[in-house]
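# Fold and contact review
Below are the chains, spelled out letter by letter.
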Amino acid sequence: MRYLIISDLHSNWEALQAVLEDAAGKYEQILCCGDIVGYGSDPNPVVDWVRTHVQATVRGNHDRACVGLEDLEWFNPVAQAASIWTMTQLTEVNADFIRNLPMGPVTVGNFQLIHGSPVDEDDYLVSADDAVSAFPYAESSLLFFGHTHLQGGFRWRSDQVQAIGRLHPDWQTRYLLEIDPQCAYLINPGSVGQPRDSDPRAAYVLYDTEAELLYYHRVPYDVETTQRKIRDAGLPDLLAARLAVGR
Ligand code: ZN
């Protein structure tokens with residue numbers, strides 16, 4: 001099976017369309033690691049699309065916040081404002097769909113989806129040290145996660161953890177990772193709708209389970225249109241500005 005794996009869409013319709021165009025014909029099923037909504041200006045089109053096209057999705061912290069399942073005092077003022085705005089926009093059907101998303105891990109074949117970390121759905125896996133603490137909690141040798149908006153992840157082999165990251169010299173628009181059955185992996189496809197690894201292009205992963213090959217991808221999208229829609233919706237300007245720099 002060939003999967004398109006995405007995360008942290010954050011109501012960004014233009015970024016999602018660019019990913020789907022770029023990946024067209026290269027997958028059979030779509031999986032998502034959460035944070036469908038929050039920050040961006042198109043929560044309903046994005047959730048409508050997820051409901052009808054994605055085979056498995058775990059919930060993210062912003063998904064919880066936007067349907068009243070999370071105390072907003074944990075969020076910074078910008079994230080709070082975006083959550084409250086999203087709450088007023090979501091249709092009843094879409095709010096219900098988000099409210100019923102599973103916490104994860106969700107098992108798909110021989111791998112799993114989570115939002116933050118196998119330790120806790122809200123933990124951030126940023127450094128190799130974070131991954132060293134998290135790997136013992138993994139129930140599968142291959143986990144896909146999101147939450148940090150940093151494309152990459154971690155490989156565990158013989159008690160050593162190595163970051164798979166954007167320092168790799170080959171990392172341009174596509175980077176191939178061969179899955180080694182001797183290793184365990186925590187893989188972050190990166191964020192579709194709000195990348196934070198200094199690359200503003202939308203991020204995603206294609207995973208071919210038969211070939212055991214995983215491709216990290218980046219694709220440019222119409223950032224200016226997304227920015228204009230965020231500003232027109234009256235959302236905080238920072239949410240528009242950061243998309244241009246990917247931070
Ligand atoms: Zn997120």
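Computed from a predicted structure; not experimentally measured.

### Observations concerning the packing of helix 7 (residues 223-232) against helix 8 (residues 237-245)
Axes are the key here: two packed helices are described by the angle between their axes and the distance separating the axes. Where helix 7 contacts helix 8, the axes come no closer than 8 Å and their chain directions differ by 175°. It follows from the interaxial angle that helix 7 and helix 8 lie roughly antiparallel. Of helix 8, the residues touching helix 7 (which contributes Val223, Thr226, Gln227, Ile230 and Arg231) are Asp237, Leu239, Ala240, Ala241, Leu243 and Ala244. Grouping the amino acids of the contact of helix 7 with helix 8 by side-chain chemistry returns seven nonpolar, two polar and two charged.

### Topic: the sheet that holds strand 7 (residues 152-157)
Across the sheet, which stays open at both edges, the six strands sit in the order 4-5-6-10-7-8 with mixed pairing between neighbours. Of all the strands in the sheet, the pair left with one neighbour each is strand 4 (106-108) and strand 8 (160-164). For this sheet, the mean angle separating the axes of adjacent strands, direction not counted, is 20°. Summarising the sheet, strand 6 (residues 142-144) and strand 10 (residues 184-188) pair through three bridges and their orientation is parallel. Paired with phenylalanine 144 across the two strands is isoleucine 187, which belongs to strand 10.

### Re the coordination of the zinc ion
Around the zinc ion, the protein supplies Asp8 (OD), His10 (NE2), Asp35 (OD) and His149 (NE2) as donor atoms, at distances of 2.1 to 2.3 Å. Coordination geometry of the zinc ion: the four donor atoms subtend angles of 85 to 176° at the metal centre, consistent with an arrangement described as irregular. Mapped onto the sequence, the donors of the zinc ion take the spacing D-x1-H-x24-D-x113-H. Linking histidine 10 in the loop between strand 1 (2-6) and helix 1 (13-23) with histidine 149 in the loop between strand 6 and strand 7, this pair joins segments that are 139 residues apart in sequence. For the pair histidine 10 and histidine 149, one class covers both residues: buried.

### Focus on the pairing of strand 10
Here is the key point about a regular strand: its side chains alternate between the two faces of the sheet. Among the five residues in strand 10, five count as buried, and that is most of the element. Alternating positions in strand 10 separate into two faces, Ala184, Leu186 and Asn188 on one and Tyr185 and Ile187 on the other, with burial throughout. Examined bridge by bridge, strand 7 and strand 10 share five bridges and lie antiparallel to one another. The residue bridging arginine 155 from the neighbouring strand is tyrosine 185, located in strand 10.

### Details of the pairing of strand 7
Across five bridges, strand 7 lies against strand 8 in antiparallel orientation. Residue arginine 155 lies in a different strand from strand 8, and its bridge partner there is glutamine 162. The hairpin formed by strand 7 and strand 8 contains two residues between the paired strands, and serine 158 there has a positive phi angle of roughly 45°.

### Digging into the packing of helix 1 against helix 2 (residues 43-53)
At their nearest, the axes of helix 1 and helix 2 sit 9 Å apart, and the two run at 35° to each other. Contacts between helix 1 and helix 2 involve Trp13, Leu16 and Leu20 from the first element and Pro45, Val46 and Trp49 from the second. Residues belonging to the contact of helix 1 with helix 2 are distributed by class as follows: six nonpolar, no polar and no charged.

About the criteria used
Residues numbered from 1 in each chain as written. Predicted model: local features only at pLDDT ≥ 70, side-chain atom pairs only at ≥ 80, totals over all residues. Heavy atoms only, no water. Axes fitted to C-alpha atoms, helices over the stretch in contact; angles between N-to-C directions. Helix = DSSP H or I, 4+ residues; strand = E, 2+ residues; numbered from the N terminus. Parallel < 35°, antiparallel > 145°, perpendicular 65-115°, else oblique. Contact = heavy atoms within 4.5 Å. Nonpolar A, V, L, I, M, F, W, Y, C, P; charged D, E, K, R; others polar. Pairing = 2+ DSSP bridges. Donors = N, O, S within 2.8 Å, 3.2 Å for Na, K, Ca; no water. Tetrahedral: all angles 85-135°; square planar, octahedral: opposite > 155°, others 65-115°. Buried < 20%, exposed > 50% of the residue type's maximum accessible area, 1.4 Å probe, protein only.

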